[in-house]
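# Secondary and tertiary structure notes
Each chain is listed here by its residues.
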Amino acid sequence: MIIVVCGPGGVGKGTVVARLIDADPSLWLSRSWSTRERRPSEREDAYIWVTREEFEAHVAAGGFLEYAEFLGNFYGTPWPEGADDRDVILEIDVQGAAQVLERVPDCLFVLLEPPSAEVQAERLRGRGDPPEQAERRIAVAQAELAEGRRLGAICIVNDDLERTVAEVAALIAERRSA
Ligand code: 5GP
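Described below are features of the structure shown in this document. Here the structure is a predicted model, which means the values were calculated and not measured. (Residues numbered from 1 in each chain as written. Predicted model: local features only at pLDDT ≥ 70, side-chain atom pairs only at ≥ 80, totals over all residues. Heavy atoms only, no water.)

## Observations regarding the sheet that holds strand β4 (residues 48-49)
- Judged by pairing direction, the sheet is mixed, and its 4 strands sit side by side in the order β4-β3-β6-β5 without closing on themselves. Both outer strands of the open sheet, β4 and β5 (64-70), are each paired with one neighbouring strand and no more.
- The sheet contact formed by strand β3 (residues 33-34) and strand β6 (residues 73-78) spans 2 bridges and is antiparallel. Bridging from a neighbouring strand, Trp-33 pairs with Gly-76 of β6.
- Lying over the sheet, helix α2 (residues 52-60) contacts β3, β5 and β6, oriented at roughly 140 degrees with respect to β5. (Pairing = 2+ DSSP bridges. Helix = DSSP H or I, 4+ residues; strand = E, 2+ residues; numbered from the N terminus. Contact = heavy atoms within 4.5 Å. Axes fitted to C-alpha atoms, helices over the stretch in contact; angles between N-to-C directions.)

## Points about the site of the ligand
- Lining the immediate environment of the ligand, one finds 17 residues, of which Ser-32, Arg-36, Tyr-47, Glu-66 and Tyr-75 sit closest.
- Ser-32 is positioned with one of its side-chain polar atoms (N or O) 2.6 Å from an oxygen atom of the ligand.
- Within the side chain of Tyr-47, an N or O atom sits 2.5 Å from an oxygen atom of the ligand.
- Protein coverage of the free-state accessible area of the ligand, which is 510 Å², stands at 95%.
- Counting only elements with at least two residues in the shell around the ligand, the list comes to β5 and β6. (Near = heavy atom within 4 Å. Polar contact = N/O pair within 3.5 Å; in protein donor to acceptor, adjacent residues only side chain to side chain. Areas by Shrake-Rupley, 256 points an atom, 1.4 Å probe, with all protein chains shown as cover.)

## A few points about the packing of aromatic side chains
- In the structure shown here, the tally under the stated rule is 8 aromatic pairs.
- With a centroid separation of 6.1 Å and 40 degrees between ring planes, the pair formed by Phe-64 and Tyr-67 is classed as tilted.
- Assessed through its relative accessible area of 6%, Phe-64 is described here as buried.
- What links up through ring pairs into an aromatic cluster is the set Trp-33, Phe-55, Phe-64, Tyr-67 and Phe-74. (Phe/Tyr/Trp six-rings, centres within 6.5 Å; stacked < 30°, edge-to-face > 60°. Buried < 20%, exposed > 50% of the residue type's maximum accessible area, 1.4 Å probe, protein only.)

## What to know about the pattern of salt bridges
- In the structure shown here, the tally under the stated rule is 13 salt bridges.
- The residue Glu-135 makes a salt bridge to Arg-125 at a minimum N-O spacing of 2.8 Å. One end of the pair, Glu-135, is in helix α5 (residues 131-150); the other, Arg-125, is in helix α4 (residues 117-125), and 10 residues separate them in sequence.
- Assessed through its relative accessible area of 36%, Glu-135 is described here as partly exposed.
- Residues Glu-147 and Arg-150 are paired through a salt bridge, measuring 2.9 Å at the closest nitrogen-oxygen approach. In this pair, Glu-147 and Arg-150 both sit in helix α5, 3 residues apart, roughly one turn of the helix.
- Residue class for Arg-150 comes out exposed when judged on its relative accessible area of 60%.
- Each of the salt bridges in this network shares a partner with another, and the network as a whole consists of Asp-24, Asp-87 and Arg-176. (Salt bridge = Lys/Arg side-chain N within 4 Å of Asp/Glu carboxyl O.)

## Some thoughts on α4
- Gln-120, Ala-121 and Leu-124 are the residues of α4 that are buried. With its buried residues spanning 100 degrees around the axis, α4 presents them on a single face. Residues of α4 that are exposed and angled more than 90 degrees away from the buried face: Glu-118 and Glu-122. (Arc of directions from axis to C-beta.)

## With respect to the pairing of strand β7 (residues 87-91)
- The buried count for β7 comes to 4 of 5 residues, which makes it a mostly enclosed element.
- Alignment of strand β1 (residues 2-6) against β7, held across 4 bridges, turns out to be parallel. Pairing of Ile-2 across the sheet is with Val-88, part of β7.
- Two elements, strand β2 (residues 27-29) and β7, share 3 bridges in a ladder whose sense is parallel.

Okay, structure coming up:
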């Protein structure tokens, strides 16, 4: 199974996904490629950090399940390798989700929503992005949420981390037993 977790910046996707992975050895987290600059607060292994040329060469070689440009940087999911028989989690944007839905229509597609635009803006401003970047992310968030809903995602408001993690885990369990 492929599990797609989407949601605008600052919604807490990374934390939710990390919790799911820690709790369930049958899940495998895909590591994306990105051409973005690494934030000082960010882990070295948050992405496979590449130049635009390296990214484009990988696109040309058919190396991505999906990829998208988000606020001037490229992000892509390499074809899952090493997942063995585990279920694969993709933490990607809505443009990428649309591509995965085309290729894998029965994927589990979850959209995390912030409790409020204010909470989201606060999280984004607090996480070390240049202020201009944070403002751009806030500006695109509503459109991302609308697109995710239009694509038929299962929406979960992330107002309580424990509850959100439990809800996504329950959706995964339900799909596994179907
Ligand atoms: P960030 O710069 O905040 O790390 O990521 C920006 C957006 O790109 C987020 O919505 C994040 O989930 C998304 N993203 C991360 N990796 C990928 C990927 O491989 N493909 C796509 N389409 N989006 C990604």
